[in-house]
Amino acid sequence: MLKIENVHKTFNPGTINEKKALQGINLTLESGDFVTVIGGNGAGKSTLLNMITGVYPVDCGTIEIDGINLTKMPDYKRAKFFGRVFQDPMMGTAADMQIEENLALALRRGKPRTLLPGITRKERAMFRELLAALDLGLENRLTSKVGLLSGGQRQAITLLMATLQNPKLLMLDEHTAALDPQTAAKVLELTDQIVNRDKITTIMITHNMKDAIAHGNRLIMMDSGRIVYDVSGEEKQRLTVPELIQKFSESGGGMLSDRTLLQS
Amino acid sequence: MNFLENIWQFIQSLPSPIAQGMIWGMMAIGVYITYKILDVADLTVDGSLATGGAVLVVLTTQYGVNIYLAMLVAFAAGCLAGFATGILHTKMGIPAILAGILTQLALYSINLRIMDDRANVTINRRTFQLIVSSYAGENQLYWTIGKCALFIVVIVGVLYWFFGTEMGHSIRATGCNLNMARSNGINTDSRKIIGLTISNGIVAIAGGLLAQFSGSADVNMGRGAIVIGLAAVIIGEVIFGKLFNHFILRLLSVVIGGVLYYIVISLVLKLGLKTNDLKLFSALIVAIFLAIPHFKAKLAPRRPKPKKEVE
Ligand SMILES: Nc1ncnc2c1ncn2[C@@H]1O[C@H](COP(=O)(O)OP(=O)(O)O)[C@@H](O)[C@H]1O
Ligand SMILES: [Mg+2]
């Protein structure tokens with residue numbers, strides 16, 4: 001369903017700050033795949049997602065989703081195919097807007113924005129139910145400003161927003177990294193729940209090797225803008241953290257960040 | 001006794017600054033849309049205010065157009081000015097502040113053209129049926145205040161409705177978190193253009209009323225309008241920010257900010273400030289009020305603002 005062919009991206013080309021962030025990425029995802037992505041800092045993981053969503057244009061290569069060529073499509077037009085959750089809980093929501101307004105905005109992703117009410121009574125009831133299912137006590141705070149919520153609550157709402165209308169592809173960029181371990185576990189569990197329920201094709205970047213192994217049906221390791229290891233199916237299920245660390249050092253220049261080691 | 005008499009005199013003279021403050025407060029609602037909702041400082045307003053005044057006065061005095069229809073055309077002219085700034089900013093990549101300055105500069109010439117190369121065109125309340133005027137006799141000032149209030153109620157009502165629609169939501173999201181808006185499929189460029197358009201339309205309406213109130217349209221009538229607008233927005237926010245959360249109340253507090261500003265201005269004029277020093281005084285007031293949140297934040301560090309760039 002997702003087909004990435006030979007994508008390159010260099011930031012600030014020709015300057016002293018030149019950075020080859022992606023150097024020939026080829027990746028094909030099947031519908032329903034849940035891929036976890038690991039790799040050191042600066043490996044190009046976030047850039048890969050930015051290429052898919054169109055935050056920056058690619059230097060060369062093509063990106064297709066279900067046969068639709070996205071390569072030249074502006075980011076806001078591609079958005080209808082995607083749901084995305086960032087590492088920073090601030091990034092996925094509009095802080096000055098109410099919880100229900102944020103959800104209503106996400107519900108209209110890919111649809112024309114008209115002069116009809118921005119949120120209907122029926123939607124409100126639906127949001128209340130969805131929020132109740134999160135079990136974070138948000139179902140009675142529909143009209144609270146999102147900026148008043150904790151990082152974990154905001155991240156849970158962003159996840160809800162990202163999956164509200166069944167995206168073709170869900171992209172999670174270390175979306176639990178900024179949360180305390182307990183909240184992180186909860187948000188991760190919620191992620192699994194939603195992804196399994198709606199069978200959403202998912203890419204999840206994580207710095208936690210255990211999580212990378214425990215979740216999804218395929219695992220990718222990136223280094224210096226390349227995919228250096230790609231494992232799926234039973235082989236992936238059998239993977240252990242020490243093996244993964246082994247692969248990591250085998251992958252050449254791949255340096256393990258302290259953070260990755262600490263949390264494995 | 002003398003002191004009390006002075007106070008009484010001042011209170012009796014209040015309706016005029018109140019009416020004037022309401023008109024400027026109306027203009028400040030336009031500024032609120034760009035500065036607070038879109039998160040853009042738009043300097044077009046200095047020009048579009050005069051455009052509104054010029055269009056209204058010329059249409060009524062020279063073409064005999066009905067004054068309410070003329071107000072509508074003034075609104076449209078203001079919208080056009082905001083649209084131009086929006087195009088300069090989003091389609092041509094010019095920073096918003098600079099885009100506003102460019103439009104404002106261009107409007108100076110355009111406004112002179114509208115007024116047939118005159119810097120000032122008068123409109124007489126005896127010859128024309130004006131909506132508002134500064135004439136104090138026959139309870140006219142109270143009528144003026146009432147009609148200004150009506151305009152404000154209509155504008156605030158329409159804005160309340162608009163910013164509750166799907167379109168309005170998407171504009172607010174654009175100003176609040178651009179990346180979030182785009183990743184939710186919102187064309188943020190078009191939202192900025194729409195916001196700037198509406199904002200300057202409202203500013204031009206205020207310009208049309210202001211020209212009637214002061215008895216003429218003047219090519220310089222908008223000079224420093226952005227500062228007065230910001231003053232109204234910030235005064236309203238500093239005083240009522242904690243109290244008012246509802247959108248309607250926020251807009252009204254902007255108007256009250258404008259009224260308070262004009263009461264203070266008329267007070268300091270009474271106390272002997274020279275009219276020529278007014279702009280300096282205004283700039284100081286705004287600088288102080290703009291600095292308040294900064295110093296407050298320094299005293300009590302709060303949570304950091306959301307990062308605006310994509311990781
Ligand atoms: N907008 C940008 N401008 C310049 N350099 C960037 C930009 N985004 C990412 N980079 C660089 O590209 C490389 C890959 O970054 P990134 O994809 O964020 O890595 P990570 O795998 O940690 O998510 C890094 O060296 C980073 O500094
Ligand atoms: Mg990253």
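Residues numbered from 1 in each chain as written. Chains lettered and ligands numbered in written order. Predicted model: local features only at pLDDT ≥ 70, side-chain atom pairs only at ≥ 80, totals over all residues. Heavy atoms only, no water.

A. Here's a closer look at the site of ligand 1. Residues and elements named next belong to chain A. Lining the immediate surroundings of ligand 1 are 13 residues, of which Gly42, Lys45, Ser46, Thr47 and Tyr56 lie closest. A distance of 2.8 Å is found between an oxygen atom of ligand 1 and a backbone nitrogen or oxygen belonging to Lys45. For ligand 1, a nitrogen atom lies 2.9 Å from a polar atom in the side chain of Tyr56. Surface burial for ligand 1 is 72%, taken as the share of its 550 Å² of free accessible area covered by protein chains. It is helix 1 (residues 45–53) that provides the largest number of residues to the shell around ligand 1, a total of 3 residues. (Near = heavy atom within 4 Å. Polar contact = N/O pair within 3.5 Å; in protein donor to acceptor, adjacent residues only side chain to side chain. Areas by Shrake-Rupley, 256 points an atom, 1.4 Å probe, with all protein chains shown as cover. Helix = DSSP H or I, 4+ residues; strand = E, 2+ residues; numbered from the N terminus.)

B. Layout of the interface of chain A and chain B. Counting residues at the interface gives 40 residues for chain A, matched by 28 residues for chain B. Overall, the association of chain A and chain B removes approximately 2,900 Å² of surface from exposure, summing both partners, and the carbon and sulfur fraction of that is 53%. Taken as a group, A:Tyr76, A:Met91 and A:Arg113 account for 24% of the area that chain A buries against chain B, more than any other trio of residues on that side. Between A:Glu101 and B:Arg172 there is a salt bridge whose closest N-O contact spans 2.8 Å. One can count 14 residue pairs in polar contact (both at pLDDT 80 or more) joining chain A with chain B. If you tally residues by element for the side of chain A that touches chain B, the top one is helix 3 (residues 99–107) of chain A, at 4 residues. When the residues that make up the side of chain A that touches chain B are grouped by side-chain class, the tally is 20 nonpolar, 10 polar and 10 charged. (Contact = heavy atoms within 4.5 Å. Buried area = accessible area lost by both parts, 1.4 Å probe. Salt bridge = Lys/Arg side-chain N within 4 Å of Asp/Glu carboxyl O. Nonpolar A, V, L, I, M, F, W, Y, C, P; charged D, E, K, R; others polar.)

C. Layout of empty space enclosed by the protein. Residues and elements named next belong to chain B. Summed over all chains, the structure comprises 2 cavities of 30 Å³ or more. When its volume is computed, the largest cavity comes out at roughly 90 Å³. Put simply, the parts of the chain that give the lining of the largest cavity at least two residues each are helix 10 (225–240) and helix 11 (247–270). Ranked by the residues each element gives to the lining of the largest cavity, the list is headed by helix 10, at 4 residues. For the lining of the largest cavity, a count of residues per class yields 5 nonpolar, 3 polar and 2 charged. (1 Å grid on protein atoms, 1.4 Å probe; cavity = no way out; pocket = protein on both sides within 12 Å on 5 of 7 lines; lining within 4 Å. Points joined across faces, edges and corners; volume = space filled by probe spheres on them.)

D. Looking closely at unusual backbone geometry. All names here are of chain A. Despite not being glycine, Asp66 shows a phi value in the positive range, around 50°. Positionally, Asp66 belongs in the loop between strand 4 (60–65) and strand 5 (68–69). Looking at Asp66, the relative accessible area reads 41%, which means it is partly exposed. Residue Ser224 is not a glycine yet carries a positive backbone phi of 45°. (Buried < 20%, exposed > 50% of the residue type's maximum accessible area, 1.4 Å probe, protein only.)

E. Looking closely at the confidence of the model for chain B. All names here are of chain B. Per-residue confidence for chain B gives a mean pLDDT of 91, with 96% of residues at or over 70. Mean pLDDT across the elements of chain B bottoms out in helix 1 (residues 2–12) (80) and peaks in helix 7 (residues 166–176) (98). Scored below 50 in pLDDT, residues 306–311 makes 21 contacts in the model with residues more than four places away or belonging to other chains. What the predictor reports for the complex is a pTM of 0.91 with an ipTM of 0.91. (pLDDT = per-residue confidence, 0-100.)

F. Representation of the side chain of A:Arg113. Relative to the assigned elements, A:Arg113 resides in the loop between helix 3 and helix 4 (121–134). There is no salt bridge for the buried A:Arg113, and the closest opposite charge comes from B:Glu166, which lies 6.9 Å off by N-O distance. One polar contact links the side chain of A:Arg113 to the main-chain carbonyl oxygen of A:Leu105, over a distance of 3.2 Å. Apart from residues lying up to four places away in sequence, A:Arg113 is in contact with A:Leu105, A:Arg108, B:Glu166, B:Met167, B:Ser170, B:Asn184, B:Gly185, B:Ile186 and B:Arg191. (Lys, Arg positive; Asp, Glu negative; His and termini not counted.)

G. Helix 10 of chain B, seen in detail. All names here are of chain B. When the terminal C-alpha atoms of helix 10 are compared, their 22 Å separation across 16 residues agrees well with the 22 Å that a helix rising 1.5 Å per residue should span. Burial within helix 10 is extensive, with 12 of its 16 residues counted as buried. Considered for burial, the residues of helix 10 that qualify are Ala225, Ile226, Ile228, Gly229, Leu230, Ala231, Ala232, Val233, Ile234, Ile235, Gly236 and Phe240. (Expected span 1.5 Å × (residues − 1).)

H. Representation of helix 7 of chain B within the structure. Of all 11 residues in helix 7 of chain B, 11 are buried; the element is thus mostly enclosed. Within helix 7 of chain B, the full set of buried residues consists of B:Glu166, B:Met167, B:Gly168, B:His169, B:Ser170, B:Ile171, B:Arg172, B:Ala173, B:Thr174, B:Gly175 and B:Cys176. At its buried positions, helix 7 of chain B is contacted by helix 3 of chain A together with helix 2 (15–38), helix 6 (140–162), helix 8 (178–183) and helix 9 (188–214) of chain B.

I. Main features of the packing of helix 4 (residues 67–91) of chain B against helix 5 (residues 96–114) of chain B. Residue and element names in this part refer to chain B. Helix 5 packs onto helix 4 with a crossing angle of 140° between their chain directions and a minimal axis gap of 9 Å. On the basis of their axis angle, the class for helix 4 and helix 5 is oblique. For the pair helix 4 and helix 5, the sense of crossing is right-handed. Residues Ala81, Ala84, Thr85, Leu88 and His89 of helix 4 touch helix 5, and the partners they reach there are Ala96, Ala99, Gly100, Leu102, Thr103 and Leu107. Classifying every residue of the contact of helix 4 with helix 5 gives 7 nonpolar, 4 polar and no charged. (Axes fitted to C-alpha atoms, helices over the stretch in contact; angles between N-to-C directions. Parallel < 35°, antiparallel > 145°, perpendicular 65-115°, else oblique. Left-handed = near helix turned anticlockwise from the far one by under 90°.)

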